[in-house]
Amino acid sequence: AQSVTQPDIHITVSEGASLELRCNYSYGATPYLFWYVQSPGQGLQLLLKYFSGDTLVQGIKGFEAEFKRSQSSFNLRKPSVHWSDAAEYFCAVVGGGNTPLVFGKGTRLSVIA
Amino acid sequence: EPEVTQTPSHQVTQMGQEVILRCVPISNHLYFYWYRQILGQKVEFLVSFYNNEISEKSEIFDDQFSVERPDGSNFTLKIRSTKLEDSAMYFCASSAVAAGTEAFFGQGTRLTVV
């Protein structure tokens, strides 16, 4: 069964600084990979997704993620963080077909001035 | 932009009571899901629903849970006899094809069992 590990529970960055959130997955083949963001009291919003092709995917709000098969990773990046990016970020994986999304435990991002 | 809507946004219920959480998926979507998130923990899969039947369920989804699509637009999650540990945020999601495409999530229903 597929699984997702987000090793960082909480990250704090300064506004304007770059950001990288880590995600490692476990799955035998090439999975479908997602990053979702959850602002306080809100639902889950899709930031970006990877199915195949170019391993660097662009998402909304200036986020990007890179799929690295050799490292089983799908890290999320943003070159310059804004205060409004403070939220909980979830990496998720699907093994294909109609198998459900499996989420990581999430990384809470705090942004300081 | 089409969205998944959930009602109520917050429900408080007494232990042992039945609750029904309601969801209106995106209209042309075929796959429906319920997830839950206990405070401070990860989002966990409960059940998926396709073609008017459960296609997959997790071990969390025991006999006290049931799902229904009563009228072609609503998708409900019923918890028959709530327990304190059922307190969580419950998310409904839908997707046009399989989950491997993109699942759209609702805003969630916060269930508090007292």
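This text goes with the structure placed above it.
The present account deals with the structure reproduced in this document. (Residues numbered from 1 in each chain as written. Chains lettered and ligands numbered in written order. Predicted model: local features only at pLDDT ≥ 70, side-chain atom pairs only at ≥ 80, totals over all residues. Heavy atoms only, no water.)

**A few points about the pattern of salt bridges**
All names here are of chain A. Going by this rule: What counts as a salt bridge is simple: a side-chain nitrogen of Lys or Arg found within 4 Å of a carboxyl oxygen of Asp or Glu. Strands here mean DSSP runs of E at least two residues long; helices mean DSSP runs of H or I at least four residues long; both are numbered from the N terminus. Residue burial is assigned from relative accessible area. The probe radius is 1.4 Å, only protein chains are included, and a residue is buried under 20% of its type maximum, exposed over 50%, and partly exposed in between.
Taken as a whole and judged by the stated rule, the model has five salt bridges over all chains. For Glu64, the salt bridge goes to Arg77, with nearest N and O atoms at 3.3 Å. Of this pair, Glu64 sits in strand S8 (residues 64–68) while Arg77 sits in strand S9 (residues 73–78), placing them 13 residues apart in sequence. Residue Arg77 is classed as partly exposed on the basis of its relative accessible area, which comes to 22%.

**Some words on the interface of chain B and chain A**
Short version of the rule: Note on contacts: a residue pair qualifies if any of its non-hydrogen atoms lie within 4.5 Å across the two residues. Polar contact is the term for a pair of N or O atoms within 3.5 Å; when the atoms are in protein, one must be able to donate a hydrogen and the other to accept it, and sequence-neighboring residues count only if both atoms are side-chain atoms. All amino acids are sorted into three groups, where Ala, Val, Leu, Ile, Met, Phe, Trp, Tyr, Cys and Pro are nonpolar, Asp, Glu, Lys and Arg are charged, and the leftover types, Gly among them, are polar.
Contacts between the two partners involve 20 residues from chain B, matched on the other side by 20 residues from chain A. Counting across the chain B and chain A interface gives zero salt bridges. Between chain B and chain A we count four residue pairs in polar contact (both at pLDDT 80 or more) in total. Secondary-structure elements contributing two or more residues to the side of chain B that touches chain A are strand S4 (31–37), strand S5 (43–50) and strand S6 (53–57) of chain B. For the side of chain B that touches chain A, the class distribution of residues is ten nonpolar, seven polar and three charged.

**A closer look at the sheet that holds strand S3 (residues 19–24) of chain B**
All names here are of chain B. Going by this rule: Strand pairing follows a simple DSSP-based rule, namely that at least 2 bridges must link the two strands. For helices, the fitted axis covers only the stretch in contact; all axes are lines through C-alpha atoms, and the angles between them, taken along N-to-C directions, range from 0 to 180 degrees.
If you walk across this open sheet you meet the four strands as S1-S3-S8-S7, and the pairing is antiparallel. Edge strands, defined here as strands with exactly one partner in the open sheet, are strand S1 (5–7) and strand S7 (65–68). Neighbour-to-neighbour, the strand axes of this sheet turn through a mean angle of 20°, independent of strand direction. Direction of pairing for S7 relative to strand S8 (residues 75–79): antiparallel, over a ladder of four bridges. If you follow Phe65 over to S8, its bridge partner there is Ile79.

**Focus: unusual backbone geometry**
Cis rather than trans, the peptide bond between B:Thr7 and B:Pro8 has omega equal to -10°. Along the chain, B:Pro8 turns up in the loop between S1 and strand S2 (10–13). The phi dihedral of A:Lys61 falls on the positive side, at around 60°, and the residue is not glycine. One can find A:Lys61 in the loop between strand S7 (56–58) and S8. Look at B:Asn52: it is not a glycine, yet its phi comes out positive at around 65°. Following the sequence through the fold, B:Asn52 ends up in the loop between S5 and S6.

**Some details on the pairing of S5(B)**
Residue and element names in this part refer to chain B. The buried count for S5 comes to six of eight residues, which makes it a mostly enclosed element. Taken together, S4 and the strand that follows it, S5, pair antiparallel across an intervening segment of five residues, in which Gly40 is found at a positive phi of about 80°. When S5 meets S6, the two strands line up antiparallel, connected through four bridges. Looking at the pairing, Phe49 lines up with Ile54 of S6.

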